[in-house]
Structures are given as structure tokens and as C-alpha cells.
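Chain residues, written in single-letter form:
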Amino acid sequence: MSAPLPAHKTHWGLDPQVVFLNHGSFGACPKPVLQHQSELRARLEAEPVRFLAREAEPLLDEARAALAAFVGASADDLAFVPNATTGVNTVLRNLRFQPGDELLTTDNEYNASKNALDVAAAEKGVKVVVAKLPWPVTSPESVVDAVMAQVTPRTRLLLVDHITSQTALIMPLAELVRRLRERGVETLVDGAHGPGMVPLALQELGAAYYTGNCHKWLCAPKGAAFLYVRRDLQPDFKPMVVSHGHNSPRKDRSRFRLEFDWVGTVDPTPFLCIPTVIRFMESLVPGGWPEVMDSNRRKVLAARRLLDAKLGNATPLCPESMVGSMACVALPDGFPERPEPPLYVDPLHVRLFEEHHIEVPVTAWPRAPRRHLRLSAQLYNSAADYEALVRALEALLR
């Protein structure tokens, strides 16, 4: 593995005493972007009425346009939300179902989103069906087959991660969306890890809904995310908070735009930093964003090969084609008496941090005692980080 330029690490304020291999959980925002956010906040507080009532709207339009170009969508089909969980909840609160309808998801779905699906289904009197995905995964086709096997004439929606949180799989999204639309089923994509990890072309994808975090792999400040709603589904689609846009007399923009752009007084600076972080991250390497994504992917694949070899894993947990900037590595079994996910905290996770200052998640999957490590790779990571992890595991698993 080739180490990133030393200057890359200086752009982040991460604790230099910690080997940070968990960018996937909450991301990390570069210092120049945080400085820009501080300047925006100072400008807001210098004259809050001028900023929020007169200046914010064109600034949000500019940010939305930059984001739209990045994710391959029309700006008018994007709404800013604070996180992908809010995006999932917003969609589920807008949908109407009939008795007997089924909502489909997978056993890899992020716990918070699965909870939102369960609550929505209980309130609307419909059934949640969970497709069990193969693990380890041999091919994208095996995932498509597992999902499609659970589709019935009663299926109305699939809620699916773009990149799974527990297992770091890039799901075969285009094929799933296409096959499901042929069956009259729409898709809600929980793309929490998508923006900045993999190229996006949302308009081409054709999914009904896609929500993605900008604070993870895009490296924006916390509180920056978006919700894409396909144009034909926008009429009567409401934000979680109904505010002034509901009865605004304005005709210069869509009701969707008017309602989502003002949901009460919030700090808009995380959204306004999106153009800055897109430009900043692409400036760090000669090839811009394609090189950022490819560099992170090559780095994490090399780390996976290194750890699999050291741990004696003969076969990786999924094909390289399903790996982005995160990857999972199988560990020896842990402790079966521990609680099930999401409450499970493996002692190895704690000891890696407390004794070796390495931040990396150890996850029970598909259930205790089976477990694995989930590796992340960002520009600030180097080969030395993963070598330190190998040494720590050798000491702790001896």
C-alpha cells in the first residue's frame, strides 16, 4: 500500500495519538472546511435577520446546485435534511398503504432505518418482510436473487442500504431498482455512505427516493445530508416539520422546494459548506474525486488482504467488486453470552482503543459469537495505520 502524502493528515484535526480507522461511523471534516463554517456562522450572528431572511436562500440554491452536479440529479429534486435517518423517516411518513401491503428490506439494513420502517408499518397496519442476504457473499447476483425471492404481488417498497453499515457491502443497486420497477415496486435507498465513496447518478438510477449523508465520505460538517425525491412523486410530499412554505403564495419555485427550504430556524451552515468541501477534497489529489474514491478503495482492499493473511482467512467475505472505502475482515469467534446487536460491544473493540489507541469497530455479525472488523480508508490513512492494527490484533488474539 502506498501511503498518502504527509500533508493529507495535517488537513484534519484528528487526535494524533489515535489510529483512526473508523471514518465510516461519523466521518471527519477537514480543518479548512470547518474554518469556512466558522466564518459563515460569524456572518450569521453578525446580522441574523439579514442572513437567514435575505441571504440564506440564494446560498442554499448555490449549495444545492453543487451537490446536484456531484450526485447526478436536478437541484430541484434535492432537499437538505440533517442526516440520512431523517431522510428515511421523511419518506416513510409520506407514504400511504393499503391493508395487506408489504414493505421489504434486508437483514443488513441499518438499525435506525429498520426501526423507522417497523414503526411506520405498525402505524399503517402493513407487514415488514426481511430478505436474508447470504454471508459471506459470493456475488452481487446472489444478493439480487435473495431480495427478489421475497417480492410478492403485495410488495410496495424496498428499503435498502446503498452501502451496508454492518457488512460494508456495496449493494447491486441499479439492478435491484430496475428489477423492482418492472414488478411495480419502488425503492427507498438509505445512501448514508454513498456520497463521496462511490460515484452517484441519481436521475439515471431511477429510484423513487435516495437519502445520503454529506458528513461521512464527502467530509462536510455534521448535520449535512440530502433527500432526493423523484419528480413524479413530489406533489403533496411534505417535510417532517410543516412550516411557512405550506401556504406560501410564491410561484417562482416548486411547493417541494418552498416547504423543504424553511422548516423553522436552523443553522444552515453545514449545507452551505458543501460546495467548499467538494472543491477542497478534489484539490487534494491530481485526479480529483475519482482519484479520492479509487485511492480509498485500493487502500482498504490492500488492508483487507493484509489482515486476512495475518488472521488466516482463506476467503474474503465478499468480492472486491462490492467493496468501496470500507471492508470487513472475519475475526475468531467472540462471546456468545453478549447481547445481540445493536447493543453488542465486543471487549476486543474496547481493548483495541484503550490499550493500543486504535479506533475500529468490532461487530457481531450475523450474530454473536461470530464477529468481524470493519475497516475504513480515507486520504489521511496510511499503510502504517493498518500495520499497527495487525500488531495489536496479534497481541490481543494470541
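These notes cover the structure that comes with them. All figures in this text were calculated on a predicted structure; none of them were measured in a lab.

**Some thoughts on the sheet that holds strand β12 (residues 371-376)**
- Spatial strand order, β9-β12-β11: 3 strands in an open sheet with antiparallel pairing. Edge positions in the sheet fall to β9 (326-330) and β11 (362-364), since each of these pairs with one other strand and no more. Taking each pair of neighbouring strands and ignoring which way they run, the sheet shows an average axis angle of 35°.
- Judged from the 3 bridges that link them, β11 and β12 form a sheet pairing that is antiparallel. Along β12, the bridge assignment pairs Ala 364 with Arg 371.
- Packing against the sheet, helix α13 (residues 288-311) makes contact with β9 and β12, and its axis sits at approximately 5° to β9.

**Quick look at the pairing of strand β3 (residues 102-106)**
- By the criterion of burial, β3 is predominantly enclosed, with 5 of the 5 residues buried.
- Here β3 shows a buried face lined by Glu 102, Leu 104 and Thr 106 and a second buried face lined by Leu 103 and Thr 105.
- Here β3 runs beside strand β4 (residues 127-131); their pairing, made up of 5 bridges, is parallel. Among the inter-strand pairings, Thr 106 is bridged to a residue of β4, identified as Ala 131.
- Crossover connection from β3 via helix α6 (residues 111-124) to parallel β4: handedness right-handed.
- Across 3 bridges, β3 lies against strand β5 (residues 155-161) in parallel orientation. Paired with Glu 102 across the two strands is Thr 155, which belongs to β5.

**What about the environment of Ala 63?**
- Residue position: Ala 63 is located in helix α4 (residues 48-71).
- Owing to a relative accessible area of 0%, Ala 63 belongs among the buried residues under this scheme.

**So, the pattern of salt bridges**
- Inspection of every chain in the model, using the stated rule, returns 27 salt bridges.
- In this structure, the salt-bridge partner of Arg 250 is Glu 57, at a minimum N-O distance of 2.8 Å. Of the two residues, Arg 250 sits in the loop between β8 (225-229) and α10 (255-261) while Glu 57 sits in helix α4, which places them 193 residues apart along the sequence.
- The partly exposed category is assigned to Arg 250, whose relative accessible area is 30%.

**Some remarks on the packing of aromatic side chains**
- Inspection of the entire model under this criterion finds 9 aromatic pairs.
- Considering the side-chain rings of Trp 12 and Tyr 380, the 5.1 Å spacing of their centres and the 65° angle between planes classify their relative orientation as edge-to-face. With Trp 12 in the loop between α1 (6-10) and β1 (19-20) and Tyr 380 in the loop between β12 and α15 (383-396), the pair connects residues that are 368 residues apart, well separated along the chain. Of the two residues, Trp 12 and Tyr 380, neither departs from the other in class, the shared state being buried.
- Note on Phe 20 and Tyr 380: the rings are 6.4 Å apart at their centroids and 45° apart in plane angle, and the pair reads as tilted. Pair noted here: Phe 20 is in strand β1 and Tyr 380 is in the loop between β12 and α15, with a separation of 360 residues, a long-range link.

**Considering α13**
- The end-to-end C-alpha separation of α13 is 35 Å, in line with the 34 Å expected for 24 residues at 1.5 Å each.
- Once α13 finishes, Gly 312 follows within two positions and takes phi at roughly 75°, a positive value.

**Structural notes on the sheet that holds β8**
- Strand order in the open sheet formed by 7 strands is β2-β8-β7-β6-β5-β3-β4, with mixed pairing between adjacent strands. A single partner strand is all that each edge strand has here, and the edge strands are β2 (78-81) and β4. The mean angle between the axes of side-by-side strands here comes to 20°, regardless of whether they run parallel or antiparallel.
- Here 5 bridges tie β5 to strand β6 (residues 186-191), and the two strands are oriented parallel to one another.

**Focus on the packing of helix α14 (residues 347-356) against α15**
- One can describe the packing of α14 onto α15 by two numbers: an axis separation of 11 Å at closest approach and a directional angle of 115°. Remark: the crossing between α14 and α15 carries right-handed chirality. Across from Leu 348, Arg 351, Leu 352, Glu 355 and His 356 in α14, the residues of α15 making contact are Leu 389, Ala 392, Leu 393, Ala 395 and Leu 396.
- Of the residues belonging to the contact of α14 with α15, the class tally is 7 nonpolar, 1 polar and 2 charged.

**Some words on the side chain of Asn 22**
- Within the secondary structure layout, Asn 22 lies in the loop between β1 and α2 (23-26).
- Its relative accessible area of 8% is what places Asn 22 among the buried residues.
- Within polar-contact distance, the side chain of Asn 22 engages the side chain of Arg 374 at 3.0 Å.
- Once you skip the residues sitting within four places of it in the chain, Asn 22 turns out to touch Glu 359, Val 360, Pro 361, Arg 374 and Ser 376.

Analysis parameters
- Residues numbered from 1 in each chain as written.
- Predicted model: local features only at pLDDT ≥ 70, side-chain atom pairs only at ≥ 80, totals over all residues.
- Heavy atoms only, no water.
- Pairing = 2+ DSSP bridges.
- Helix = DSSP H or I, 4+ residues; strand = E, 2+ residues; numbered from the N terminus.
- Axes fitted to C-alpha atoms, helices over the stretch in contact; angles between N-to-C directions.
- Contact = heavy atoms within 4.5 Å.
- Buried < 20%, exposed > 50% of the residue type's maximum accessible area, 1.4 Å probe, protein only.
- Right-handed = clockwise from strand over helix to strand, strands pointing away.
- Salt bridge = Lys/Arg side-chain N within 4 Å of Asp/Glu carboxyl O.
- Phe/Tyr/Trp six-rings, centres within 6.5 Å; stacked < 30°, edge-to-face > 60°.
- Expected span 1.5 Å × (residues − 1).
- Left-handed = near helix turned anticlockwise from the far one by under 90°.
- Nonpolar A, V, L, I, M, F, W, Y, C, P; charged D, E, K, R; others polar.
- Polar contact = N/O pair within 3.5 Å; in protein donor to acceptor, adjacent residues only side chain to side chain.

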